[in-house]
Amino acid sequence: MKLSELVTAALKPKTIKDINNKYDYKDEYPQGEGDSDNVACGQDGSYNELQYIYNTYLKPEVTSGNITEKDAIEALDSACSSLNNPRKREDFYSHLEDKLGIQIP
C-alpha cells in the first residue's frame, strides 16, 4: 500500500463520534419546524442524529451481514461530507442506499 493510501485510510472516521467531531453543530431550534426533513451531522448532545440512523437502519444490516460496520460509518461520513447543508433526509437516505446497496424504509 502506498503512503498516500495509508494516510487516507488513517484519516477516515472509524466511529460516529469521529464523524460528528468534524462538524460544529448547535441546535438552536430543537424540534424546530422542518427539522425532521433534514439530517444534522455533528449533533451529539441529547440527541445524536447519526447514531439514530445507524441504530435504526444500518445496524440491522450489519448484524445480518449485508454490510460491514466500516462500510456503514464510511457511508455516513460520505453523506455528511458530500451533500449540501441543510442535508435533506430523502437525499441522505438515498446516498446511503446507493453507497451500501440497501433499502432504507
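Residues numbered from 1 in each chain as written. Predicted model: local features only at pLDDT ≥ 70, side-chain atom pairs only at ≥ 80, totals over all residues. Heavy atoms only, no water.

(A) Here's a closer look at the packing of helix α3 (residues 49-63) against helix α4 (residues 69-82). Running from N to C, α3 and α4 point in directions that differ by 140°, and their axes come no closer than 10 Å. Here α4 runs oblique to α3, going by the angle between their axes. Note that α3 runs across α4; the crossing there is right-handed. In contact with Leu50, Ile53, Tyr54, Leu58 and Val62 of α3, α4 contributes Glu69, Ala72, Leu76 and Cys80. Partitioning the contact of α3 with α4 into residue classes produces eight nonpolar, no polar and one charged. (Axes fitted to C-alpha atoms, helices over the stretch in contact; angles between N-to-C directions. Helix = DSSP H or I, 4+ residues; strand = E, 2+ residues; numbered from the N terminus. Parallel < 35°, antiparallel > 145°, perpendicular 65-115°, else oblique. Left-handed = near helix turned anticlockwise from the far one by under 90°. Contact = heavy atoms within 4.5 Å. Nonpolar A, V, L, I, M, F, W, Y, C, P; charged D, E, K, R; others polar.)

(B) Structural context of the state of the cysteines. Tallying each qualifying case throughout the model produces one disulfide. The disulfide that involves Cys41 links it to Cys80, with 2.0 Å between the sulfurs. On the sign convention where negative means left-handed, the S-S torsion of about -90° between Cys41 and Cys80 marks this disulfide as left-handed. Residue Cys41 is located in the loop between β1 (38-39) and α3, and its partner Cys80 is located in helix α4; the two are separated by 39 residues in the primary sequence. (Disulfide = S-S within 2.5 Å.)

(C) Quick peek at α3. Taking 1.5 Å of rise per residue, the 15 residues of α3 would be expected to cover 21 Å, and the 20 Å separating its terminal C-alpha atoms lies within 8% of that figure. Residue Asn55 marks the point of greatest curvature in α3, where the axis turns by about 45°. Those residues of α3 not exposed but buried are Glu49, Leu50, Ile53, Tyr54, Tyr57, Leu58 and Glu61. Where α3 begins, the side chain of Asn48 points an oxygen toward the backbone nitrogen of Leu50, at a separation of 3.2 Å. (Expected span 1.5 Å × (residues − 1). Bend = angle between axes of the 7 residues up to and from the residue. Buried < 20%, exposed > 50% of the residue type's maximum accessible area, 1.4 Å probe, protein only. Polar contact = N/O pair within 3.5 Å; in protein donor to acceptor, adjacent residues only side chain to side chain.)

(D) Main features of the side chain of His95. Within the fold, His95 resides in helix α5 (residues 89-100). When its relative accessible area of 16% is taken as the criterion, His95 is described as buried. Apart from the residues within four sequence positions on either side, His95 is in contact with Ala75, Ser78, Ala79, Ser82 and Leu83.

(E) Layout of the packing of aromatic side chains. Using the criterion set out here, one finds three aromatic pairs in the structure. Here the aromatic rings of Tyr52 and Tyr57 are separated by 6.4 Å at their centres, their planes lie at 90°, and the arrangement is edge-to-face. On the accessibility criterion, Tyr52 (35% relative accessible area) is partly exposed. An aromatic cluster is defined as three or more aromatic residues linked by ring pairs; in this entry it consists of Tyr47, Tyr52, Tyr57 and Tyr93. Cation over ring: Arg87 sits above Tyr23, and NZ or CZ is 5.3 Å from the ring centre. (Phe/Tyr/Trp six-rings, centres within 6.5 Å; stacked < 30°, edge-to-face > 60°. Lys NZ or Arg CZ within 6 Å of the ring centre and 35° of its normal.)

(F) Summary view of the pattern of salt bridges. Applying the stated criterion across every chain yields a total of three salt bridges. Between Glu49 and Arg89 there is a salt bridge, with its nearest N and O atoms 2.7 Å apart. Residue Glu49 is located in helix α3, and its partner Arg89 is located in helix α5; the two are separated by 40 residues in the primary sequence. For the pair shown, Glu49 and Arg89 are each scored as buried. Lys70 is the salt-bridge partner of Glu74, the closest N and O atoms lying 3.1 Å from each other. Residue Glu74 and its partner Lys70 are both found in helix α4; the two are separated by four residues, about one turn of the helix. (Salt bridge = Lys/Arg side-chain N within 4 Å of Asp/Glu carboxyl O.)

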